[in-house]
Amino acid sequence: MPGAAPIRRVAMLSVHTSPLEQPGTGDAGGLNVYVVEVAKRLAARGIEVEVFTRATTGGLPPEVELVPGVQVRHVTAGPYEGLGKEDLPGQLCAFAAGVMRAEAARPEGWYDLVHSHYWLSGQVGWLAADRWRVPLVHTMHTMARVKNIHLAKGDTPEPTGREIGEAQVVEAADRLVANTDGEARELIDLYDADPARVRVVPPGVDLGTFTPGDAAAARAELGLPADAHVLLFVGRIQPLKAPDVLLKAAADLLARRPALREHLVVAVVGGPSGTGLAKPKALQKLADRLGITPQVRFVPPAARERLAQWYRAADLVAVPSYSESFGLVAVEAQACGTPVVAAAVGGLPTAVGDSGILVDGHDTTDWSHAIESLISDPALRADLSRTAVRHAAQFSWDHTTERLVEVYAEAHAARTASPIEDARVLAGIPAAVIP
Ligand code: UDP
């Protein structure tokens, strides 16, 4: 837009989880990776980022520099520890107050845009953007209405309060960022989002860290047998991610092919998250019941370089999730040249493309056969490995950031160009009312 001021500073909101946390356990996962990778690249392009997140331990410094140009600001909202995600809506007022105070201490017009992640941040972002008269860009990451359609057996449905809160954020945001066309459709169909405000921006993968490499060396480093079939699960251990599906499929495979017993390793890399399966011992007990304890290894969450070695060491990575807005793990594995067997849900068909195996549903036999088809066919594995690397190469955080900058500029220009739009937001009038 000619004359529109460039975006110089972004207030990024990540209320419930910090970009400083290790992903793969608790509430830390793909969202954290997304925020870190995008913030770093925005800073490299000269756009300063301040990430506001809730302080979850005492004695944290108020600000931590992630890299030059990216500050993580800890906001005190509620007790540091022992507060579950489900209790966070009660702390949003305190969090918003912290964000408002931080802005009030800055020169006027400090932030040019608010980018909120997940609905809790969207609630705060809505208020902040309104007060500062700047655009709100929002990324849902996951949606209650989608999750509730695809619940794992015994999983607790997301509360109505979240659905209502999400719908409010959808209404308030100047632009909604969806990971895939499918997510864009869900925003429109399930949340009545205005299609003119929805933009599809695919997430990325760090193609410098997740590269193909020497599988034998990776196995040696990780203490895995050179000749084993290694099946890998990476992610937060929770019902929605369904690591139990992999364990059951492995047990079924061993029942059909007992000769594999000496040669199968099922590695589960990640930590507990939430309740149910997340109870530290629940998955171990399942392995016990299935009689596959000797084959299963539980590995604590791994940092990026180490995780890349796990991907390289594996014959395949299983992503059996019930719902997944994208599935960074699927792309990271493929960038390392490891084929993926994934559930055909949410963003996974996009993340996997034609370079892996998509399984409809979570039936144990279907999963066991899909896994068997890969481990018993080295030529197919080699073939998929090559296409996987090519497929993953189209996702990069540089591209994600470039697209986001376009969305930011567009949202900013729309506000500048349309005093009506700005007035609408200030007066709280829904877009449809203005002709
Ligand atoms: N992850 C990690 N270490 C682990 C397990 C997971 O760094 O031990 C990261 C993984 O690399 C990925 C993210 O956590 O980038 C999980 O993202 P994904 O989109 O797969 O799932 P989400 O957590 O968002 O549901």
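Since this is a predicted model, take the numbers as computed values, not measurements. (Residues numbered from 1 in each chain as written. Predicted model: local features only at pLDDT ≥ 70, side-chain atom pairs only at ≥ 80, totals over all residues.)

### Here's the deal with the nonpolar core
Filter applied, for reference: Here a nonpolar core is just a set of buried residues of the types Ala, Val, Leu, Ile, Met, Phe, Trp, Tyr and Cys, joined wherever their C-beta atoms sit within 7 Å. Partly exposed residues are those whose C-beta has more than 12 but fewer than 20 other C-beta atoms within 10 Å; 20 or more makes a residue buried and 12 or fewer makes it exposed, with C-beta atoms placed from the backbone. Start and end points for every domain follow an automatic or database-based domain assignment. Here, residues touch in the contact sense if the C-beta positions derived from the backbone fall within 7 Å of one another.
Counting 129 residues, the largest nonpolar core has L231, L232, A250, V266, W310, V317 and A330 as its most contacted members. The residues that make up this core include at least three from each of domain 1 (9–204 + 397–433) and domain 2 (215–393). In this structure, V317 is in contact with L232, V234, Y311, V329, A333, T338 and V340, ignoring residues within four places of it in sequence.

### Things to note about the site of the ligand
We count it as follows: Nearness here is judged by the C-beta atom: place it from the backbone, and if it falls within 6 Å of a molecule or strand, the residue counts as near that partner. Asp, Glu, Lys and Arg are counted as charged, while Ala, Val, Leu, Ile, Met, Phe, Trp, Tyr, Cys and Pro are counted as nonpolar; the rest, among them Gly, fall into the polar class.
Neighbouring the ligand are 19 residues, the closest being P23, G24, G29, G30 and P301. In terms of residue class, the shell around the ligand is made up of 11 nonpolar, six polar and two charged. Three or more residues apiece are contributed to the shell around the ligand by two domains, here domain 1 (9–204 + 397–433) and domain 2 (215–393).

### Notes on unusual backbone geometry
Which entries qualify depends on this criterion: Every helix listed is a DSSP run of H or I at least four residues long, and every strand listed is a run of E at least two residues long, numbered separately from the N terminus.
Positive phi outside glycine occurs at Y118, with the angle close to 75°. Structurally, Y118 can be placed in helix α3 (residues 118–132). Phi angles above zero are rare outside glycine, and A242 is one such case at about 55°. Mapped onto the fold, A242 is located in the loop between β9 (229–234) and α8 (243–256). Using a count of 26 C-beta atoms within 10 Å as the deciding quantity, one classes A242 as buried.

### Things to note about the packing of α3 against helix α5 (residues 160–172)
Relative placement of two packed helices is described by the angle separating their axes and the distance separating the axes. Inclusion rule: Helix axes are fitted to C-alpha atoms over the stretch in contact, other axes to C-alpha atoms as well, and angles between N-to-C directions run from 0 to 180 degrees. Orientation is classified from the angle alone, with under 35 degrees giving roughly parallel, over 145 giving roughly antiparallel, 65 to 115 giving roughly perpendicular, and any other angle giving oblique. In this scheme the crossing of two helices becomes right-handed for a clockwise turn of the near helix relative to the far one and left-handed for an anticlockwise turn of less than a right angle.
Following both chains from N to C, one finds α3 and α5 inclined at 45°, their axes separated by 9 Å at the closest point. Of the possible angle classes, the one that applies to α3 and α5 is oblique. The element α3 and its partner α5 pack so that their crossing is left-handed. Within the contact between the two elements, α3 uses W119, G122, Q123 and W126 and α5 uses R162, G165, E166, Q168, V169 and A172.

### Considerations on α3
Using the following cut-off: Any helix carries an expected span of 1.5 Å times its number of residues minus one.
For α3, built from 15 residues, the straight-helix expectation of 21 Å at 1.5 Å per residue is met to within 8% by its first-to-last C-alpha distance of 20 Å. On its buried side, α3 packs onto β1 (9–13), α1 (30–44), α2 (92–104), β5 (113–117), β6 (136–139) and α5. Of the residues flanking the end of α3, it is R133, one or two places downstream, whose phi is positive at about 55°.

### A short note on the UniProt feature "binding site: UDP-N-acetyl-alpha-D-glucosamine" (unreviewed entry) in the chain
The condition that has to hold: UniProt positions are given in the numbering used here, feature names are shortened, and annotations may be inferred rather than shown by experiment.
Following the UniProt record, one finds the feature "binding site: UDP-N-acetyl-alpha-D-glucosamine" (unreviewed entry) at Q22, P23, G30, R236, K241, E324 and E332. Among the structural elements, E324 can be located in the loop between β12 (316–319) and α11 (328–335). Judged by the 26 C-beta atoms lying within 10 Å of it, E324 is buried. With near-sequence residues (within four places) excluded, E324 lies in contact with V345, G346, G347 and L348. Within the fold, E332 resides in helix α11. Here E332 is in contact with V205, F210 and Y311, once residues within four sequence places are set aside.

### Remarks on the environment of V341
Positionally, V341 belongs in strand β13 (residues 340–343). A sequence separation of 17 residues divides V341 from L358, and the C-alpha atoms of the two residues are 5.9 Å apart. Here V341 is in contact with L316, A318, G356, I357, V359, A370, I371 and L374, once residues within four sequence places are set aside.

### Thoughts on the domain arrangement of the chain
Each domain of the chain was delimited in the assignment, giving domain 1 (9–204 + 397–433) and domain 2 (215–393). Summarising the inter-unit geometry, the C-alpha centres of domain 1 and domain 2 are found 31 Å apart. At the junction of the two partners, domain 1 supplies 22 residues and domain 2 supplies 21 residues. When residues of the side of domain 1 that touches domain 2 are traced back to their parent elements, those giving at least two are α1, α4 (144–149) and α6 (181–191). The class makeup of the residues in the side of domain 1 that touches domain 2 is five nonpolar, 13 polar and four charged.

### Concerning the environment of A303
Along the chain, A303 falls in the loop between β11 (296–299) and α10 (304–313). Look at A303 and you get exposed, because 11 C-beta atoms sit within 10 Å. Put simply, A303 and A55 are 248 residues apart on the chain and 22 Å apart in space, counted from C-alpha to C-alpha.

### Section: the packing of α1 against helix α15 (residues 397–417)
Taken N-terminus to C-terminus, the directions of α1 and α15 make an angle of 70°; their axes are 9 Å apart at the nearest point. By the criterion of interaxial angle, the relationship of α1 to α15 is roughly perpendicular. Pair α1 / α15 crosses with right-handed handedness. Between α1 and α15, the contacting residues are E37, V38, R41 and L42 on the first element and W397, D398, T400, T401 and L404 on the second. Residues that form the contact of α1 with α15 fall into these classes: four nonpolar, two polar and three charged.

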